[in-house]
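Fold and contact review
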Amino acid sequence: MRVLLTGGAGYIGSHTALCLLNAGHEVVALDNLYNASPEALRRVEALTGKKAPLVVGDCTDEAAVTAVFEQYRPDAVIHFAGLKAVGESVAKPLDYYQNNLDATMTLCRVMPRFGCRVLVFSSSATVYGTNQEMPLREDFPTGCTNPYGWTKWISERILTDVAAADSTRSFVLLRYFNPIGAHESGRIGEDPAGIPNNLMPYICQVASGKLDHLRVFGNDYPTRDGTGERDYIHVMDLAEGHLAAIEYAAEHTGVEIFNLGTGTPYSVLDIVHSFEKANNLTIPYEITPRRPGDIAVCYADPAKAREKLHWQAKRDMTAMCRDAWNWQKQNPQGFGDK
Ligand code: NAD
Ligand code: UD1
């Protein structure tokens, strides 16, 4: 298949591009480079020996999206493009609603004009809101606590309604848990702008000496060691989940939702200690108050993806910590040209 990757120059998009190319698919990326560097796809080309063309353009721009379809005629779309910082979404809700929802709707409008009916969407475990029962199953109630989360929730709603109105469409909604790590080569990885919000990139920058120490947000949660527990998944496992999802979507119609997680929760201190052990380093940390909006525990029931997509995560926490550090060590300035 020829697959259009919106946001394909970003963290998950570039790893998925590599995975699709290695599986014999063709890719083209549409990215406005708001949070990415063209270097990521150049490295994907070097790693695979295959073309990964990048069109610099905005997914909310119907003319730009139409031009990509005219030139490349993709068979399927994986829609990664979006703004993703939770805190920023609280401060700038309109930017988030406009960018993330317009992008989804623009694709839905343009695709059928070119006979393209298959779309895989990057959703998030954040749509499970404050559910208490774990592990989280796809049929659990949903609801969000911030504008970023609502853009995912509303995009899921839009895609469900569009598929209901046109029975030829096939949409797969992937709810990611916490992607971390990097391709094992260390040539591509996560390149956050400024001080990282998320745990693993923060730990990596402490390890490299860029940041002084980690702040552990709360040790009074009702968990094994009092720190927050999450379902961390290696980004290459996540990328392989997209390969399975696109192949599934091409053979079905309608909407299907899948969790992409490992099903195993790790606490913040588990991650610190795994990182130290995997890389033979020390991560200084202090316990600070909880981060507002954080929940205690969040992990997936990955059974549905195992059964229907024949996919499951294979890489363990040691590999996640080793590969995250391998990328950071080789690329202390990320891609350098963001
Ligand atoms: P990322 O920021 O690295 O990638 C997103 C890409 O989309 C960036 O390259 C950015 O430049 C591009 N983009 C944003 N708006 C665009 C637009 N209007 N037109 C064209 N390009 C645009 O983020 P990521 O971590 O790779 O996430 C990919 C997707 O997965 C996002 O939709 C994100 O919300 C979702 N997601 C990510 C996580 C995570 O922890 N990384 C978890 C759950 C869901
Ligand atoms: C966050 C977002 C979520 C998004 C995900 C991936 C919030 C509330 N949620 O999830 O919507 O899908 O990122 O982008 O922002 N921690 C520390 N110190 C740090 C950083 C994190 O102790 O410096 C802890 C957190 O309290 C949490 C865990 O580490 O318990 C993981 O945090 P993080 O990597 O930010 O992911 P989430 O909060 O799960």
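Owing to the predicted nature of the structure, the values given are computational and were not obtained by experimental measurement.

Here the focus is the site of ligand 2. Taken together, 18 residues are adjacent to ligand 2, and Leu199, Arg215, Arg230, Arg291 and Asp294 come closest. Measuring from an oxygen atom of ligand 2, one finds a side-chain N or O atom of Arg230 at 2.6 Å. When ligand 2 sits alone it has 740 Å² of accessible area, and the protein chains cover 86% of it. With 4 residues, strand 8 (residues 214-217) is the single largest residue contributor to the shell around ligand 2.

Turning next to the pairing of strand 4 (residues 76-79). Residue alternation in strand 4 divides its side chains into two sets, Ala76 and Ile78 and Val77 and His79, and both sets are buried. Where strand 1 (residues 2-6) and strand 4 come together, 4 bridges link them in parallel fashion. By the bridge assignment for strand 4, Leu4 is matched with Val77. Note: strand 4 against strand 5 (residues 118-124), 4 bridges, orientation parallel. From the neighbouring strand, His79 faces strand 5, where its bridge partner is Phe121.

Moving on: the site of ligand 1. Around ligand 1 sit 26 residues, and of these Asp31, Asn35, Phe80, Lys84 and Tyr148 come closest. One of the side-chain nitrogen or oxygen atoms of Asp31 is found 2.6 Å away from an oxygen atom of ligand 1. Note that an oxygen atom of ligand 1 is positioned 2.7 Å from one of the side-chain N or O atoms of Asn35. Within the residue set of the shell around ligand 1, elements represented by two or more residues are helix 1 (11-22), strand 5 and helix 6 (147-165).

Our next topic: the environment of Leu101. By secondary structure assignment, the location of Leu101 is in helix 5 (residues 93-110). Classification of Leu101 as buried rests on a relative accessible area of 11%. Taking C-alpha positions, Leu101 is 8.7 Å from Ile158, a pair spaced 57 residues apart along the chain. Beyond its immediate chain neighbours, meaning those up to four positions away, Leu101 contacts Tyr96, Thr151, Ile154, Ser155 and Ile158.

Here is what the cut-offs are and how they apply
Residues numbered from 1 in each chain as written. Chains lettered and ligands numbered in written order. Predicted model: local features only at pLDDT ≥ 70, side-chain atom pairs only at ≥ 80, totals over all residues. Heavy atoms only, no water. Near = heavy atom within 4 Å. Polar contact = N/O pair within 3.5 Å; in protein donor to acceptor, adjacent residues only side chain to side chain. Areas by Shrake-Rupley, 256 points an atom, 1.4 Å probe, with all protein chains shown as cover. Helix = DSSP H or I, 4+ residues; strand = E, 2+ residues; numbered from the N terminus. Buried < 20%, exposed > 50% of the residue type's maximum accessible area, 1.4 Å probe, protein only. Pairing = 2+ DSSP bridges. Contact = heavy atoms within 4.5 Å.

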